[in-house]
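An overview of the molecular structure
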Amino acid sequence: MSTDVIRGMSCNMSNRKTFRVGSRKSQLALIQTNSVIDALKKVTQDVDFEIVSMSTTGDKILDIALSKIGEKNLFTRELEVALETKQVDMVVHSLKDLPTTLPEGLMIGSVCKRDSPYDAVVMHPKHKGKQIQDLKDGSVIGTSSLRRQSQLQRKYPGLTFESIRGNLNTRLRKLDEDGKYDAIILAEAGLVRMGWEDRVSQILSADVCMYAVSQGAKAVECRADDTDTLNLLAHIHDPDTTMACIAERAFLRTLEGGCSVPVAVCTEIKDSKLSITGGVFSVDGTQCVQDSVERDLSEIIEPPKKKIRTTKGVNQYISIAEHTDISHNALDAIMAAGVELANKILTPEGAAILKKAKEDTAKAVLEEKRKKELIKAVESGSLK
């Protein structure tokens, strides 16, 4: 596992602690990591930070749709190994990339304030000024997400969807130069973080395309027994985002879904009330089951007495550390709301849609594996 250390961020004073922060190597990942470090610098003055960047499996496999790779931790495993072996003290992720169950001994120490969770349409320059509903039948939309594809195909059955992989820079270049795509769908948050708001042609509302679980939120993962890091991260642990993401992750875990299954959510927290809507979709978008759950948190949201995290008392909620400004009763209720929503979705029809979607993606993974093996055999000369 090769890593790059970005130095020059500490003054190397012997009496100052340096936290090593793991990150993927992409431009967007490094922007996100630096934004977390900047937030931490605002709440502490006596520590330094050093970024350790590395490539993940998901960064290396760019010729296969995510749903056809068949692994859940494509963008996280190498970083988590670095955490487990104490090469780094914390790792910054897009929370939507983190599975709902983490390796033993690791936890999400903080969930940063959520940016926009919505998806954005980026048009080819030839379609400047248009929105997705203005495109002609047969127009090609690039996305590697079955969630986006199934919902948009349901809404716009005349469109054609093709996989597109790579970091944001690569996907925008493919859109502009390859001539294959009329538009691509990306997370609005990523485009904004890169400073590319001017490329956004349209924001997709939840009635058109609900978003991925935890989309738009950054998470910082650490070791569960590292109290120094946990107490530092507590300063940037956003309460509303934490509550929303606990509910969403509980929903996803109960469904046993992931990037290979079209599962979507939309969550709102307002006036101490939680509202979460979720849905499962067939891969072709022709079938779906959606439902909603609400919770009034006004009487149970008061914080627990204990404010400092210790190795003996950090509760986890779908692998997210408890928030010291939210009562355990409220966190339990929020997690239960996500579970309740999943169980409402798992009607006979919903369960059948989910089962078929999993079977379709498992078949696609197997076909992709056989294709790779055939190409390898031909290239090695063992098959002529």
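Remember, it's a predicted structure, so these values are computed and weren't measured experimentally. (Residues numbered from 1 in each chain as written. Predicted model: local features only at pLDDT ≥ 70, side-chain atom pairs only at ≥ 80, totals over all residues. Heavy atoms only, no water.)

**Some remarks on the confidence of the model for the chain**
Scored by pLDDT, the chain comes out at a mean of 87, with 82% of its residues at no less than 70. Across residues 7-13, confidence stays below pLDDT 50; counting only partners more than four residues off in sequence or on other chains, it has 12 contacts. Within the model, the stretch residues 58-71 combines pLDDT values under 50 with 35 contacts to residues more than four positions away or in other chains. (pLDDT = per-residue confidence, 0-100. Contact = heavy atoms within 4.5 Å.)

**Considerations on the nonpolar core**
Among the nonpolar cores identified, the biggest contains 44 residues, and Leu-95, Ile-108, Phe-251, Leu-255, Val-263 and Val-280 are the most heavily contacted of them. Those elements that place two or more of their residues in this core are β5 (106-111), α8 (239-255), β12 (263-270), β13 (273-281), β14 (288-296), α9 (328-345) and α10 (348-380). The biggest single contributor to this core is α9, with eight residues. Here Leu-255 is in contact with Val-263, Val-280, Ala-342, Ile-345, Leu-346, Leu-354 and Lys-358, once residues within four sequence places are set aside. Residues Phe-19, Val-92, Ile-236 and Val-314 belong to the second largest nonpolar core, which totals 22 residues. (Core = buried A, V, L, I, M, F, W, Y, C linked by side-chain atoms within 4.5 Å. Buried < 20%, exposed > 50% of the residue type's maximum accessible area, 1.4 Å probe, protein only. Helix = DSSP H or I, 4+ residues; strand = E, 2+ residues; numbered from the N terminus.)

**As for the sheet that holds β14**
Read from one edge to the other, the open sheet built from three strands follows the order β12-β13-β14, with strand pairing classed as antiparallel. With partners counted over all chains shown, the strands left at the sheet margins are β12 and β14, one partner each. For this sheet the average axis-to-axis angle between neighbouring strands, irrespective of direction, equals 10°. One ladder, built from nine bridges, connects β13 with β14; its direction is antiparallel. Note on β14: the bridge partner recorded for Gly-278 is Asp-291. Against the sheet, α8 contacts β12 and β13, and its axis sits at roughly 150° relative to β12. (Pairing = 2+ DSSP bridges. Axes fitted to C-alpha atoms, helices over the stretch in contact; angles between N-to-C directions.)

**Points about the side chain of Glu-188**
Mapped onto the elements of the fold, Glu-188 is located in helix α6 (residues 188-193). No salt bridge is formed by the buried Glu-188; its nearest oppositely charged neighbour, Arg-148, is found at 10 Å. Polar contacts involving the side chain of Glu-188 include one to the side chain of Ser-116, which spans 2.5 Å. Glu-188 has contacts with Ser-116, Tyr-118, Asp-119, Ala-120 and Ile-203, leaving out every residue within four places of it along the chain. (Lys, Arg positive; Asp, Glu negative; His and termini not counted. Salt bridge = Lys/Arg side-chain N within 4 Å of Asp/Glu carboxyl O. Polar contact = N/O pair within 3.5 Å; in protein donor to acceptor, adjacent residues only side chain to side chain.)

**Digging into the environment of Ile-164**
If you trace the backbone, Ile-164 turns up in the loop between β8 (160-162) and α5 (168-178). Judged by its relative accessible area of 2%, Ile-164 is buried. A sequence separation of 17 residues divides Ile-164 from Tyr-181, and the C-alpha atoms of the two residues are 9.3 Å apart.

**Focus on the pattern of salt bridges**
Across all of its chains, the model carries 18 salt bridges by this definition. In this structure, Arg-223 and Asp-226 form a salt bridge, with 3.6 Å as the shortest nitrogen-oxygen distance. Two residues, Glu-256 and Lys-358, come together in a salt bridge whose shortest N-O distance is 3.9 Å. Here Glu-256, found in the loop between α8 and β12, pairs with Lys-358, found in helix α10; they are 102 residues apart in sequence, far enough to count as distant. On the accessibility criterion, Glu-256 (56% relative accessible area) is exposed. Sharing partners across several salt bridges, the network here consists of Arg-77, Glu-80 and Glu-84.

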